[in-house]
Amino acid sequence: MATERTYIMLKPDCIRRGLAGEVIARIERKGYRLADAKMMTLDEPILREHYAHLKDEPFFPDIVEYMTSGPVLAMIVEGENAIRGMRILMGATRFEDAEAGTIRGDFAASTRYNLIHGSDSPESAEAEIRRFFG
Ligand code: DAT
Ligand code: MG
C-alpha cells in the first residue's frame, strides 16, 4: 500500500443535483483527504485530451455536450491506495453494473450522467492532475 493522489471530478449533473456534499462526505468518510479542489468550466479541447480514448465513439459528441453543460468540481484526492480505492467507491462505468452502495450505484440512472470521474491508473492520475491543476 502506498499513499497516492488521484484526480477526481464531480461532473455537471452532480453539481446541478446538489450532490457534491454527499459525494465529498463519502470520500472523506472512507478516509481520503482533499488535497486540492476548484470549480471549473471545461471546453472541448481539454475534453478531447481527457477523453482521448473515446474520441472515435459515436457518443463522444454527447460527452462533450454534457461535460461542457455546467461547472465541474475538480479535486485531488489523497490516501492509501486512493486510485483503485476511489474507483471502487465510484462504482462501475455502466450504470446498470454499478452496485448499490457505490456513488454511481446509488445516484446514477444513466451511463452518460454518472456523476463522477476518477483516474483509472497511476499513469492517468499523474497526467490528469497535471492536466487540470498544472
Ligand atoms: P470511467 O468514467 O468509468 O473511467 P470511461 O473512461 O470508459 O469510464 O468513459 C468515460 C465516460 O464516458 C463515462 O464515465 C461515461 C461515458 N461513457 C463511457 N461509455 C459510454 C457508453 N457506452 N455510452 C455513453 N456514455 C459512455
Ligand atoms: Mg475513464
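Just above, that's the structure.
Residues numbered from 1 in each chain as written. Chains lettered and ligands numbered in written order. Predicted model: local features only at pLDDT ≥ 70, side-chain atom pairs only at ≥ 80, totals over all residues. Heavy atoms only, no water.

Colleague: How should unusual backbone geometry be read in this particular structure?
Modeller: Positioned with a positive phi, Asn-81 is a non-glycine residue whose angle comes to about 55°. Under the relative-accessibility criterion, Asn-81 is labelled partly exposed at 31%. One non-glycine residue, Leu-115, adopts positive backbone phi at about 70°. The topology assignment puts Leu-115 in the loop between helix 6 (103-107) and strand 4 (116-118). (Buried < 20%, exposed > 50% of the residue type's maximum accessible area, 1.4 Å probe, protein only. Helix = DSSP H or I, 4+ residues; strand = E, 2+ residues; numbered from the N terminus.)

Colleague: Help me out: how do you make sense of the pattern of salt bridges in this one?
Modeller: As a working rule, side chains carrying opposite charge can pair if their charged atoms are close by. According to the stated counting rule, one finds 11 salt bridges in the structure shown. As a salt-bridge pair, Glu-49 and Arg-131 come within 2.9 Å of each other at their nearest N and O atoms. Taken together, the residues span a long stretch of sequence, with Glu-49 in helix 3 (residues 44-50) and Arg-131 in helix 7 (residues 122-133) at a distance of 82 residues. We classify Arg-131 as partly exposed; its relative accessible area is 25%. (Salt bridge = Lys/Arg side-chain N within 4 Å of Asp/Glu carboxyl O.)

Colleague: How do you make sense of the sheet that holds strand 2 (residues 33-40) when you look at a structure like this?
Modeller: In a beta sheet, neighbouring strands are held together by backbone hydrogen bonds and run either parallel or antiparallel to one another. Read from one edge to the other, the open sheet built from 4 strands follows the order 2-3-1-4, with strand pairing classed as antiparallel. Strand pairing shows two members of the sheet lacking a second neighbour, strand 2 and strand 4, which therefore form its edges. Geometrically, the sheet is characterised by an average inter-axis angle of 20° between neighbouring strands, direction not taken into account. Relative to strand 3 (residues 72-80), strand 2 runs antiparallel, the two sharing 7 bridges. Residue pairing across strands places Ala-37 opposite Met-75, the latter belonging to strand 3. Where helix 5 (residues 82-90) meets the sheet, it contacts strand 1 (3-10), strand 3 and strand 4, and its direction lies at approximately 35° from that of strand 1. (Pairing = 2+ DSSP bridges. Axes fitted to C-alpha atoms, helices over the stretch in contact; angles between N-to-C directions. Contact = heavy atoms within 4.5 Å.)

Colleague: Hey, could you run me through helix 4 (residues 60-67) in this one?
Modeller: What sets the pattern is the α-helix's 3.6 residues per turn: residues three or four places apart point alike. Every buried residue of helix 4 is accounted for by Phe-60, Ile-63, Val-64, Tyr-66 and Met-67. With its buried residues spanning 165° around the axis, helix 4 presents them on a single face. For helix 4, exposure combined with an orientation more than 90 degrees from the buried face picks out Pro-61 and Glu-65. (Arc of directions from axis to C-beta.)

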